[in-house]
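Residues per chain, in single letters:
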Amino acid sequence: MSSPSYEKSSLSRRAFGGAVGAGAAAAVGLPAAAEARERPFRAAPRRGGRRPNILFILGDDLGWADLSSYGSPHIKTPNLDRLARQGVRFTDAYSGSATCSPTRFSLYTGRFPGRTKGGLAEPIADKSVGLEPTHPTLASLLRDAGYATALIGKWHCGYLPDYSPTKSGWDEFFGNFGGALEYYSKLGLGGEYDLYEGDAEYKDLRYYTRILTERASDYVRRDHGDRPWLLNLNFTTPHWPWIADGDEEQSAEIVRRVRAGEKGALWHQDGGSVEKYTEMVEDLDRSIGEVLRALKKSGQERDTLVFFASDNGGERFSYNWPLSGNKGSLREGGIRVPTIVRWPARLDGGQVSDEPVYTPDWTATLLEIAGARPDPAHPLDGTSLAPYLLRGERIAERELFWRVRGERALRRGDWKYYRGKDGTDHLYDLADDRREQADRAASEPRLLAELRRAWERTDDELLPYPKP
């Protein structure tokens with residue numbers, strides 16, 4: 001049970017993150033005693049185990065507080081809440097960027113999106129760029145270390161014929177190439193059909209989340225022999241269009257508009273609601289629960305590391321309180337994401353960590369845990385969290401860096417440097433001001449200048465954006 005001193009510290013130093021448990025308890029109907037069992041993270045270094053299977057699950061445009069375990073007052077996510085109770089919940093975890101494809105580049109390469117041409121697209125919207133097949137990836141490095149690899153769901157790192165998961169280290173691929181698709185027809189932004197098995201079209205007009213859940217459940221139940229496996233399970237839920245399972249009339253109307261040549265029909269600017277979004281998130285939770293039950297029945301649960309997060313911050317109907325901003329912005333609401341890790345063989349459950357971490361860190365972490373070595377010609381930008389998670393070693397102070405066109409951000413400790421599209425520099429102490437409303441730039445000019453220089457040093461190493 002957390003001590004009173006820790007609870008006081010959480011409220012003062014981490015503002016909302018340490019206090020969210022009480023709101024989450026009410027949201028999911030947990031007794032206060034059960035929620036009190038969430039305690040500050042401590043490693044269990046004496047434990048051993050074999051290399052784990054890795055089930056890496058991404059939601060799409062899910063907001064930081066869209067789970068009841070993160071404080072949502074109206075969305076019920078019992079399966080993900082249970083996953084959090086069985087593992088470690090991270091309060092200060094971030095995506096690698098503020099939109100879909102750059103974050104996926106940062107996960108698959110372990111590097112800043114701006115190190116590769118494809119990562120400069122925010123997000124990829126045409127067939128001119130993608131993840132180069134020659135670039136080492138999480139999947140290719142794990143495959144070389146003996147892992148079976150599969151990606152099920154959204155790829156969004158380039159299109160055929162030049163780019164594909166099967167060209168970048170995944171043994172198997174089943175899913176969509178683009179950034180969005182209509183959930184029943186599988187029509188993409190340009191009206192193209194976008195459901196593939198490998199590099200061949202696959203016809204299935206059922207609701208997309210059902211199909212992905214079925215495929216992923218089959219994969220985790222499969223006999224892989226003595227090989228550990230990596231499954232990247234990338235749901236499109238709850239990304240627009242705002243269509244839940246059973247909304248076939250709404251689907252047909254959007255399909256009609258897409259086929260009539262209406263650009264942007266999938267963006268669904270004239271549809272959706274908080275209620276529909278809630279329905280989609282709760283369906284995502286049920287689907288993940290189904291995959292986790294299949295994993296448990298397979299007998300592999302103890303030796304499987306399950307990771308869950310969103311690819312970036314929430315969209316129109318997300319519940320992001322108390323954060324400011326949303327998808328596309330480097331404000332906290334655009335990049336801070338719910339993140340849960342469970343590995344029964346090595347990590348105790350019921351724990352919470354407020355360490356600042358982000359997507360490239362998980363690439364480095366998984367490679368170390370799996371016994372795979374990064375390619376020295378493509379050095380990682382993330383820091384492996386394995387020493388922290390498995391041996392309780394402190395994470396050295398470092399800088400988390402983000403860049404999107406027109407915005408910049410850098411976090412060092414609790415301090416965040418941010419510049420928006422208006423060109424004004426801001427400085428926030430996230431320990432006391434997670435909402436980014438108390439600008440400390442004027443009172444801390446030397447620190448502001450120091451963090452600005454740190455951001456600019458990293459930016460100098462990256463590819464420039466192409467001219468609009």
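The model shown is predicted, which means the values in this text are computed figures rather than measured ones.

Considerations on the overall build of the protein
For the protein, the count of helices and strands is 13 helices and 17 strands. Taking 468 residues into account, the globule formula puts the C-alpha radius of gyration at 23 Å, and the protein, at 21 Å, falls close to it. The C-alpha extent of the protein, read off along each of the three principal axes, is 55 × 50 × 50 Å. Looking at the protein residue by residue over its 468 residues, the buried ones come to 61%.

Notes on the pairing of strand E15 (residues 407-412)
Consecutive side chains of a regular strand alternate in pointing toward one face of the sheet and then the other. In terms of residue burial, E15 counts as a mostly covered element, since six of its six residues are buried. Residues Glu 407, Ala 409 and Arg 411 line one face of E15 and the alternating positions Arg 408, Leu 410 and Arg 412 line the opposite face, and both faces are buried. Here six bridges tie strand E14 (residues 399-404) to E15, and the two strands are oriented antiparallel to one another. Paired with Val 404 across the strands is Glu 407, a residue of E15. Hairpin connection of E14 to E15: two residues between the antiparallel strands, including Gly 406 at a positive phi of 90 degrees.

Quick notes on the sheet that holds strand E16 (residues 415-419)
The four strands lie next to each other as E14-E15-E16-E17, forming an open sheet whose pairing is antiparallel. Edge strands, defined here as strands with exactly one partner in the open sheet, are E14 and strand E17 (425-429). The mean angle between the axes of side-by-side strands here comes to 10 degrees, regardless of whether they run parallel or antiparallel. Relative to E17, E16 runs antiparallel, the two being bridged by five bridges. Residue pairing across strands places Lys 416 opposite Tyr 428, the latter belonging to E17. Against the sheet, helix H13 (residues 445-461) contacts E14, E15, E16 and E17, and its axis sits at roughly 115 degrees relative to E15.

With respect to helix H11 (residues 359-369)
Judged by how many residues are buried, H11 sits mostly within the fold: 10 of 11 residues are covered. When H11 is considered as a whole, its buried residues turn out to be Thr 359, Pro 360, Asp 361, Trp 362, Thr 363, Ala 364, Thr 365, Leu 366, Leu 367 and Ile 369. Of the residues trailing H11, Gly 371 is marked for its positive phi of about 75 degrees.

Quick look at the sheet that holds strand E2 (residues 53-59)
Spatial ordering of the open sheet is given by E1-E12-E3-E11-E10-E2-E9-E5-E6-E7-E8, a layout of 11 strands whose pairing is mixed. Edge strands, defined here as strands with exactly one partner in the open sheet, are strand E1 (39-40) and strand E8 (200-201). Judged from the five bridges that link them, strand E5 (residues 148-154) and strand E6 (residues 172-176) form a sheet pairing that is parallel. Bridging across to E6, Ile 152 finds its partner in Phe 174.

Let's talk about helix H7 (residues 208-221)
For H7, which comprises 14 residues, the first-to-last C-alpha distance of 20 Å matches the rise-based estimate of 20 Å (1.5 Å per residue) to within 8%. Where H7 is concerned, the buried positions are Tyr 208, Thr 209, Ile 211, Leu 212, Thr 213, Ala 216, Ser 217, Tyr 219 and Val 220.

Remarks on the environment of Ala 121
Summarising the element assignment, Ala 121 is placed in the loop between helix H5 (100-109) and helix H6 (138-144). Judged by relative accessible area, which is 19%, Ala 121 ranks as buried. In this structure the C-alpha to C-alpha distance between Ala 121 and Ala 449, which are 328 residues apart in sequence, comes to 29 Å. In this view, Ala 121 contacts Ser 101, Pro 102 and Val 129; residues no more than four positions away in its chain are not counted.

Quick notes on the pattern of salt bridges
Scanning all chains against the criterion turns up 44 salt bridges. The shortest N-O distance in the salt bridge between Arg 47 and Asp 348 comes to 2.3 Å. Of this pair, Arg 47 sits in the loop between E1 and E2 while Asp 348 is found in the loop between strand E11 (339-342) and strand E12 (351-353), placing the two residues 301 residues apart along the sequence. Here Asp 348 falls in the partly exposed class, since its relative accessible area comes to 24%. Residue Arg 257 pairs with Asp 270 through a salt bridge whose shortest N-O separation is 3.2 Å. Of this pair, Arg 257 sits in helix H8 (residues 248-259) while Asp 270 sits in the loop between H8 and helix H9 (274-297); the two residues are 13 residues apart in sequence, bridging distant segments of the chain. By relative accessible area, Asp 270 is classed as exposed at 57%. Each of Asp 92, Glu 332, Arg 336, Arg 411, Asp 414, Lys 416, Arg 434 and Glu 436 takes part in salt bridges that share partners, so that together they form one network.

With respect to the pairing of strand E10 (residues 304-310)
The element E10 is largely enclosed, with a buried count of seven among its seven residues. Every second residue of E10 is oriented toward a common face, with Thr 304, Val 306, Phe 308 and Ser 310 on one face and Leu 305, Phe 307 and Ala 309 on the other, all of them buried. In this sheet, E10 lies alongside E2 in parallel orientation, the contact comprising seven bridges. Counterpart to Gly 59 in the pairing with E10 is Ser 310.

Here's the deal with the environment of Leu 451
Looking at where Leu 451 falls in the secondary structure, it is placed in helix H13. For the pair Leu 451 and Leu 410, spaced 41 residues apart in the sequence, the C-alpha separation amounts to 7.1 Å. Not counting the four nearest positions on each side in its chain, Leu 451 is found in contact with Leu 410, Arg 412, Trp 415, Tyr 417 and Leu 427.

A word on the nonpolar core
Grouped together as the largest cluster of nonpolar side chains are 56 residues, with contacts concentrated most on Leu 55, Ile 57, Trp 229, Leu 231, Leu 233, Ile 288 and Phe 308. Elements supplying a minimum of two residues to this core: E2, helix H4 (78-86), E5, H7, strand E9 (229-234), H8, H9 and E10. Leaving out residues up to four positions away in the same chain, Phe 308 has contacts with Ile 57, Gly 59, Leu 62, Leu 67, Leu 80, Leu 83, Ile 288, Pro 338, Thr 339 and Ile 340. Formed by 49 residues, the second largest nonpolar core is a distinct cluster that contains Ala 43, Phe 105, Phe 177 and Trp 362.

Reading the values: rules and limits
- Residues numbered from 1 in each chain as written.
- Predicted model: local features only at pLDDT ≥ 70, side-chain atom pairs only at ≥ 80, totals over all residues.
- Heavy atoms only, no water.
- Helix = DSSP H or I, 4+ residues; strand = E, 2+ residues; numbered from the N terminus.
- Rg over C-alpha atoms; globule rule 2.2 N^0.38 Å.
- Buried < 20%, exposed > 50% of the residue type's maximum accessible area, 1.4 Å probe, protein only.
- Pairing = 2+ DSSP bridges.
- Axes fitted to C-alpha atoms, helices over the stretch in contact; angles between N-to-C directions.
- Contact = heavy atoms within 4.5 Å.
- Expected span 1.5 Å × (residues − 1).
- Salt bridge = Lys/Arg side-chain N within 4 Å of Asp/Glu carboxyl O.
- Core = buried A, V, L, I, M, F, W, Y, C linked by side-chain atoms within 4.5 Å.

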